[in-house]
Number of protein chains: 2
Amino acid sequence: MADPITFYFDFSSPYGYLGSERIEAVAAGLGREVAWKPVLLGATFKATGMRPLTEIPIKGDYARHDLLRSARKVGIACRIPSRFPFASISACRAFYWVEEAYPAKATDLVHSLFRAAWQHDQDISAPEGVIAVAEGIGLDAAEVKAALQSPTIKQRLRDEVDASLAAGVCGAPFMIVDGEPFWGHDRLEDMADWVRSGGW
Amino acid sequence: MADPITFYFDFSSPYGYLGSERIEAVAAGLGREVAWKPVLLGATFKATGMRPLTEIPIKGDYARHDLLRSARKVGIACRIPSRFPFASISACRAFYWVEEAYPAKATDLVHSLFRAAWQHDQDISAPEGVIAVAEGIGLDAAEVKAALQSPTIKQRLRDEVDASLAAGVCGAPFMIVDGEPFWGHDRLEDMADWVRSGGW
């Protein structure tokens, strides 16, 4: 099989959520797999001097409108969480632990965490919220709790965030396939066209 | 005929340029006309605390790459001007004057100014550059020069910029049709789908 599509996202990114619901089907259509890369956009915002879209005057109103309109268009349930933006560091750590310890559950955890926040308005900012979601897919609460405090996992996340910045990730979702970068839920079709056509 | 599509842009906006090359065909397909609204994104950036995309660390590199890739995809000649971003106040004033004095030439002026900057790397930041482009479409240099200093035209531009901020314009191109806002060259198709389907 050809190289996977690396899919960078932040669990707190609304368009990252929309992209997460669609990327597997797009990738499958291209004969690719998805390499999930949860990161912390706070680091990106720091490096770029930007802020979350919805916090920006004027742009925020448009962004909220466009997000819900985009979700309706592609038929994805979506509501903006009561607490938004929210900290996603525990969710990220849980992912990288599961990816190592129980790789077969990694994709399930991505969707479960995203949907908890973006469909069911569950608070996944604190460890307790993440542990509850992990339990929901059959993981052991005590094991997850320990993993969230693991120095190895903490370092793994720092390394992944650094690597994403070095790779030029400047927002979410951000996809890289065969070295070509695509930023935005609205670039999924472009990315698919690019892979199918060999570029332009 | 149904209401026109209001197309807000800055002559210094790269995606505004791409949109300007395509909006008339999209509008015609919907039985609509285009109402051109050149504005100054500097005012938007001030209100939103943003900066031109290409000036933002990391994001700028991606934006330049995406711009040229997007232009190639839709078959539009595009090169990033040597001086970018550039002041577009004279170009805007020329447009609003022509719109009043020689409305039949208004669309031609939009395209001529945009292409001067984005295809031929001509400097249209100073009055001289704008006057040269205007002469190229048969306008009188002395008349244009006087118009660029006209208090009425200066005020008209200020009013248009204020109106665009009040309308929620937060970037370029920004389109409003039947009260529905769409931001971005990459929302042209969505806008067309929206009008055709009556929304979703």
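For the structure itself, look to the data block above.
Analysis parameters
Residues numbered from 1 in each chain as written. Chains lettered and ligands numbered in written order. Predicted model: local features only at pLDDT ≥ 70, side-chain atom pairs only at ≥ 80, totals over all residues. Heavy atoms only, no water. Helix = DSSP H or I, 4+ residues; strand = E, 2+ residues; numbered from the N terminus. Rg over C-alpha atoms; globule rule 2.2 N^0.38 Å. Buried < 20%, exposed > 50% of the residue type's maximum accessible area, 1.4 Å probe, protein only. Contact = heavy atoms within 4.5 Å. Axes fitted to C-alpha atoms, helices over the stretch in contact; angles between N-to-C directions. Parallel < 35°, antiparallel > 145°, perpendicular 65-115°, else oblique. Left-handed = near helix turned anticlockwise from the far one by under 90°. Nonpolar A, V, L, I, M, F, W, Y, C, P; charged D, E, K, R; others polar. Pairing = 2+ DSSP bridges. Phe/Tyr/Trp six-rings, centres within 6.5 Å; stacked < 30°, edge-to-face > 60°. Lys NZ or Arg CZ within 6 Å of the ring centre and 35° of its normal.

Draft legend 1. Just the overall build of chain A, in detail. A tally of helices and strands in chain A yields 9 helices and 4 strands. The order of α-helices and β-strands along chain A, N terminus first, is β-α-β-α-α-α-α-α-α-α-β-β-α. A globule of 200 residues ought to have a C-alpha radius of gyration of about 16 Å, and chain A, at 16 Å, matches this closely. Taking the principal axes of the C-alpha coordinates as reference, chain A spans close to 50 × 45 × 35 Å. Taken over 200 residues, chain A has a buried fraction of 54%. Residue pairs at least 24 apart in sequence account for 72% of intrachain contacts in chain A once pairs closer than 6 positions are excluded.

Draft legend 2. Focus on the packing of helix H1 (residues 14-29) of chain B against helix H9 (residues 188-197) of chain B. All names here are of chain B. Relative to each other, H1 and H9 sit at 20 degrees, their axes nearing to 11 Å. Relative to H9, the element H1 lies roughly parallel. Note that H1 runs across H9; the crossing there is right-handed. Contacts between H1 and H9 pair Gly19, Arg22, Ile23 and Val26 from the former with Leu188, Glu189, Met191 and Ala192 from the latter. Its residues assigned to classes, the contact of H1 with H9 comprises 5 nonpolar, 1 polar and 2 charged.

Draft legend 3. Highlighting the sheet that holds strand S2 (residues 34-38) of chain A. Residue and element names in this part refer to chain A. Overall, mixed pairing links the 4 strands, which are arranged S2-S1-S3-S4 in an open sheet. In the strand order of this sheet, the two ends are held by S2 and strand S4 (180-183), each with one partner. Strand-to-strand twist in this sheet, taken as the mean axis angle between neighbours without regard to direction, amounts to 20 degrees. Where strand S1 (residues 5-9) meets S2, 5 bridges bridge the pair, whose relative direction is parallel. Within S2, the position partnered with threonine 6 by the bridge is alanine 35.

Draft legend 4. Structural context of unusual backbone geometry. With an omega dihedral of -5 degrees, the bond running from phenylalanine 84 of chain A to proline 85 of chain A counts as a cis peptide bond. The omega angle of the peptide bond from alanine 172 of chain B to proline 173 of chain B is -10 degrees, so this bond is cis rather than trans. Relative to the helices and strands, proline 173 of chain B is located in the loop between helix H8 (151-166) and strand S3 (174-177). For aspartate 121 of chain A, which is not glycine, the phi dihedral falls at a positive 50 degrees. Mapping aspartate 121 of chain A onto the fold places it in the loop between helix H5 (106-118) and helix H6 (127-136).

Draft legend 5. Representation of the sheet that holds strand S1 (residues 5-9) of chain B in the model. Residue and element names in this part refer to chain B. Read across the sheet, 4 strands follow the order S2-S1-S3-S4 without closing on themselves; strand pairing throughout is mixed. Of all the strands in the sheet, just strand S2 (34-38) and strand S4 (180-183) have a single pairing partner and so form its edges. Within this sheet the neighbouring strands show an average axis-to-axis angle of 20 degrees, counted without direction.

Draft legend 6. Examining the packing of aromatic side chains more closely. Scanning all chains against the criterion turns up 34 aromatic pairs over all chains. Measuring from centroid to centroid gives 6.1 Å for phenylalanine 9 of chain A and tryptophan 36 of chain A, while their planes differ by 90 degrees, and the two rings are edge-to-face. With phenylalanine 9 of chain A in strand S1 and tryptophan 36 of chain A in strand S2, this pair connects stretches of sequence that are 27 residues apart. The same class applies to phenylalanine 9 of chain A as to tryptophan 36 of chain A, namely buried. Taken together, the aromatic side chains of Phe7, Phe9, Phe11, Tyr17, Trp36, Phe84, Phe86, Phe114 and Trp118 of chain A make up a single cluster linked through ring pairs. Over the ring of tryptophan 194 of chain A we find arginine 69 of chain B, and its NZ or CZ is 5.8 Å from the ring centre.

Draft legend 7. The arrangement of the environment of alanine 134 of chain B in detail. Looking at the element boundaries, alanine 134 of chain B is found in helix H6 (residues 127-136). Residues contacting alanine 134 of chain B, with those up to four places away along its chain left out, are Leu109, Leu139 and Val144 of chain B.

Draft legend 8. Broad picture of H6 of chain A. Within H6 of chain A, the full set of buried residues consists of Gly129, Val130, Ile131, Val133 and Ala134 of chain A. Two residues or fewer after H6 of chain A comes glycine 138 of chain A, characterised by a positive phi angle close to 90 degrees.

Draft legend 9. Representation of the pairing of S3 of chain B in the model. All names here are of chain B. The alternating pattern of S3 places Phe174 and Ile176 on one face and Met175 and Val177 on the opposite face, and all of these are buried. Here S1 pairs with S3 via 3 bridges, running antiparallel. The residue of S3 that forms the bridge with tyrosine 8 is phenylalanine 174. Note: S3 against S4, 4 bridges, orientation antiparallel. The partner of methionine 175 across the bridge, within S4, is phenylalanine 182. With antiparallel pairing between neighbouring strands as the criterion, S3 and S4 make up a hairpin whose turn holds 2 residues, including aspartate 178 at a positive phi of roughly 50 degrees.

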